[in-house]
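# Summary of structural features
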Amino acid sequence: MFKRIDRLAIELPVPAHPDPNGASAVQELLGGKFGEMSTLNNYLYQSFNFRGKSKLRPFYDLVASITAEEFGHVELVANTINLMLTGTTRPGDPDTTPLGSAKDLRMAIHFIEGAQSSLPVDSMGRPWNGTHVVSSGNLIFDLIHNYYLEIGARTHKMRVYEMTDHPTARAMIGYLLVRGGVHILAYAKAISMITGVDVTKILPVPRLDNKAFDAARPWEERGEHRRLYTFSDNDYQQIARIWRGTHPIDGGRLEAFSGVPGYGGPVPDLGELPEEFAPGITPEDLQEIARRLSQEAGM
């Protein structure tokens, strides 16, 4: 089972201006081949289908814990896109073409299908699909694939970081560069433990050093590049049997923690968009809904 917490992994800065074309690029980090929907669903199905849990418990715990973190990453990227789209259009009478500016943007579907919000697609509008999932049943194969997947995800984040200077996008990507680096190292250590091959020697593919990214620096200063969480109150404790030793970049001690990180941020409360007929609840409707809720509560 999964327990949901009503907050984001980090606090996203509320932007002063939109960047709808930048949001199109960020869509790759959500619904692309190496996006967060791919990392989530790869690990999700591998954890569902894991064979030999009792004998190989530390490796199952590792995949399961990272699965739970990826749920939060999907949520974080989706909300980043939402904030980047906010303020692109204006309310107005339908005959004044209030959505007219959207027709010249890269992804009109943000305004036609999604009411200026994220969609499960890549940066070209192609839908995410299940063929991106590898769950072979062979543990070594799956771990090597996960290592490769996280490296691809990191590469794409670095490129999108260089495509937009939007503060919300930069904050999100900076954090995920740090946390994705944790996952790369975790899978490398797991592969090394099973095979005896020191995979960490090829970690500079790409380099795990985040010094070039200003938005990543605060998280490394907090030590988040050396921490792995169970994302569970009591379970998946055996990640500590894999996540140990020192970090290959700064030599700091790797730490495994129960539960979730002690930080987070509010989930954005997206305002109404009358020009999109969203949420489609008029003030009169709202009053009637409030009356019905009060009546049901006996108030």
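Structure's up top.
Description of the structure in this document.

Quick notes on the rules
- Residues numbered from 1 in each chain as written.
- Predicted model: local features only at pLDDT ≥ 70, side-chain atom pairs only at ≥ 80, totals over all residues.
- Heavy atoms only, no water.
- Helix = DSSP H or I, 4+ residues; strand = E, 2+ residues; numbered from the N terminus.
- Buried < 20%, exposed > 50% of the residue type's maximum accessible area, 1.4 Å probe, protein only.
- Axes fitted to C-alpha atoms, helices over the stretch in contact; angles between N-to-C directions.
- Parallel < 35°, antiparallel > 145°, perpendicular 65-115°, else oblique.
- Left-handed = near helix turned anticlockwise from the far one by under 90°.
- Contact = heavy atoms within 4.5 Å.
- Nonpolar A, V, L, I, M, F, W, Y, C, P; charged D, E, K, R; others polar.
- Expected span 1.5 Å × (residues − 1).
- Core = buried A, V, L, I, M, F, W, Y, C linked by side-chain atoms within 4.5 Å.
- Salt bridge = Lys/Arg side-chain N within 4 Å of Asp/Glu carboxyl O.

In this structure, Ser-117 sits in the loop between helix H4 (109-112) and helix H5 (139-161). For Ser-117, a relative accessible area of 17% gives the class buried.

This next bit is on the packing of helix H3 (residues 57-85) against helix H6 (residues 167-195). Axes are the key here: two packed helices are described by the angle between their axes and the distance separating the axes. For the pair H3 and H6, interaxial distance at closest approach is 11 Å and the crossing angle is 165 degrees. In terms of their interaxial angle, H3 and H6 are classed as roughly antiparallel. Seen along the crossing, H3 lies across H6 with a hand that is left-handed. Of H6, the residues touching H3 (which contributes Phe-59, Leu-62, Val-63, Ile-66, Glu-69, Glu-70, His-73, Leu-76, Val-77, Thr-80, Leu-83 and Met-84) are Thr-168, Ala-169, Met-172, Tyr-175, Leu-176, Arg-179, His-183, Ala-186, Tyr-187, Ala-190, Met-193 and Ile-194. Across the contact of H3 with H6, the residue classes break down as 17 nonpolar, four polar and three charged.

With that settled, consider helix H1 (residues 20-31). Counted at 1.5 Å a residue, the expected span for H1 with its 12 residues is 16 Å, and the 16 Å between its end C-alpha atoms agrees. Most of H1 sits out of view: 11 of its 12 residues are buried. Within the span of H1, buried status applies to Pro-20, Gly-22, Ala-23, Ser-24, Ala-25, Val-26, Gln-27, Glu-28, Leu-29, Leu-30 and Gly-31. Buried residues along H1 sit in contact with helix H2 (36-49), H3, H4, H5 and H6.

Attention shifts here to unusual backbone geometry. Geometrically, the link from Ala-278 to Pro-279 is a cis peptide bond, its omega value of 5 degrees lying close to zero. The phi dihedral of Ala-115 is positive, around 50 degrees, even though this residue is not glycine. Following the sequence through the fold, Ala-115 ends up in the loop between H4 and H5. One non-glycine residue, Gln-116, lies in positive phi territory at about 60 degrees. Inspection of the secondary structure puts Gln-116 in the loop between H4 and H5.

What follows is about the nonpolar core. Core analysis: the largest hydrophobic core is formed by 38 residues, its most contacted members being Val-26, Leu-76, Val-77 and Met-172. Listing elements by their share of this core, those giving two or more residues are H1, H2, H3, H5 and H6. When residues of this core are assigned to their parent elements, the largest contribution, eight residues, is made by H3.

A separate point is the pattern of salt bridges. Evaluated as defined, the whole model comprises 17 salt bridges. The salt bridge partner of Glu-224 is Arg-227, with a shortest N-O separation of 2.8 Å. A relative accessible area of 1% means that Glu-224 is categorised as buried. A relative accessible area of 21% places Arg-227 in the partly exposed class. Three or more residues joined by partner-sharing salt bridges are found here, namely Glu-69, Arg-179, Glu-224, Arg-227, Arg-253 and Glu-255.

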